[in-house]
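Residue-level structure breakdown
So you can see what is in the structure, the chains are spelled out below.
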Amino acid sequence: QVQLVESGGGLVQAGDSLKLSCAASRGTVSVYAMGWFRQAPGKEREFVAAISWNSSSRYYADSVKGRFTISRDNAKNTVYLQMNSLKPEDTAVYYCARKLGTTDYKLEDRYEYWGQGTQVTVSS
């Protein structure tokens, strides 16, 4: 069973930066595509970013494009989400997930294993 652990969340002000990490404490992520999703209070979970296993392809939601960067270090079995120019609307619980297959990166049901999430709160 794969266990994913997110970290790096916190309370920041608008315009600040945060870097989230997602480490596999059990199992591996190094040969799988990975994604980040988020869920704001009262809203459905939404796609944020995804990266192929070898970092050759990256995908972003329009709302974060140009501000967020997804990356990975396969030697460390870890995926990152660098978040810059944060806005209050970025406030959410952020989840990482390990993907099945190599298509439909934005669809939740294409992801097999999920972390417990890390809270990001951006004040105005």
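Below you will find a few notes about this structure. (Residues numbered from 1 in each chain as written. Predicted model: local features only at pLDDT ≥ 70, side-chain atom pairs only at ≥ 80, totals over all residues. Heavy atoms only, no water.)

This part takes up the overall build of the protein. Check the secondary structure of the protein and you find zero helices and 11 strands. Order of helices (α) and strands (β) in the protein, N terminus to C terminus: β-β-β-β-β-β-β-β-β-β-β. When the backbone C-alpha atoms are referred to their principal axes, the protein occupies close to 40 × 25 × 25 Å. Once the 15 positive and 12 negative side-chain charges of the protein are each reduced to a mean point, those two points are 5 Å apart. (Helix = DSSP H or I, 4+ residues; strand = E, 2+ residues; numbered from the N terminus. Lys, Arg positive; Asp, Glu negative; His and termini not counted. Charge placed at Lys NZ, Arg CZ, Asp CG, Glu CD.)

With respect to topology, four strands assemble into an open sheet ordered β1-β3-β8-β7, the strand pairing being antiparallel. Single-partner strands in this sheet number two, and they are β1 (3-7) and β7 (68-73). For this sheet, the mean inter-axis angle between neighbouring strands, taken without regard to orientation, is 20 degrees. For β1 and strand β3 (residues 18-26), the ladder comprises five bridges, and the chain directions are antiparallel. Residue pairing in the sheet places Ser-7 in a bridge with Ser-21 of β3. (Pairing = 2+ DSSP bridges. Axes fitted to C-alpha atoms, helices over the stretch in contact; angles between N-to-C directions.)

So, about the packing of aromatic side chains. Tallying each qualifying case throughout the model produces five aromatic pairs. With a centroid separation of 6.0 Å and an interplanar angle of 55 degrees, the aromatic rings of Tyr-111 and Trp-114 are classed as tilted. Each residue in the set Phe-37, Phe-47, Tyr-111 and Trp-114 is aromatic and connected to the rest through ring pairs, giving one cluster. Just above the ring of Tyr-95 sits the side chain of Arg-45; from NZ or CZ to the centre is 4.9 Å. Over the ring of Tyr-105 we find Lys-99, and its NZ or CZ is 5.1 Å from the ring centre. (Phe/Tyr/Trp six-rings, centres within 6.5 Å; stacked < 30°, edge-to-face > 60°. Lys NZ or Arg CZ within 6 Å of the ring centre and 35° of its normal.)

With that settled, consider the pairing of strand β9 (residues 92-99). Most of β9 is tucked away, with seven of its eight residues classed as buried. The pairing of strand β4 (residues 34-39) with β9 spans six bridges and is antiparallel. Bridge pairing links Trp-36 to Cys-96 in β9. (Buried < 20%, exposed > 50% of the residue type's maximum accessible area, 1.4 Å probe, protein only.)

Attention shifts here to the state of the cysteines. Scanning all chains against the criterion turns up one disulfide. A sulfur-sulfur separation of 2.0 Å characterises the disulfide bridge that pairs Cys-22 with Cys-96. Taking the torsion about the sulfur-sulfur bond, which here is approximately 60 degrees, the covalent link between Cys-22 and Cys-96 counts as right-handed. Of this pair, Cys-22 sits in strand β3 while Cys-96 sits in strand β9; the two residues are 74 residues apart in sequence, bridging distant segments of the chain. Each member of the pair Cys-22 and Cys-96 is classed as buried. (Disulfide = S-S within 2.5 Å.)

What follows covers the layout of surface pockets. To locate leftover empty space, one rolls a probe as large as a water molecule over the atoms. Of the pockets and cavities examined, the largest pocket occupies roughly 170 Å³. Taken together, 14 residues form the lining of the largest pocket, with Arg-38, Ala-40, Lys-43, Glu-46 and Glu-89 sitting closest to its centre. Tallied by class, the residues present in the lining of the largest pocket amount to three nonpolar, three polar and eight charged. (1 Å grid on protein atoms, 1.4 Å probe; cavity = no way out; pocket = protein on both sides within 12 Å on 5 of 7 lines; lining within 4 Å. Points joined across faces, edges and corners; volume = space filled by probe spheres on them. Nonpolar A, V, L, I, M, F, W, Y, C, P; charged D, E, K, R; others polar.)

The values are spatial; any link to function lies outside them.
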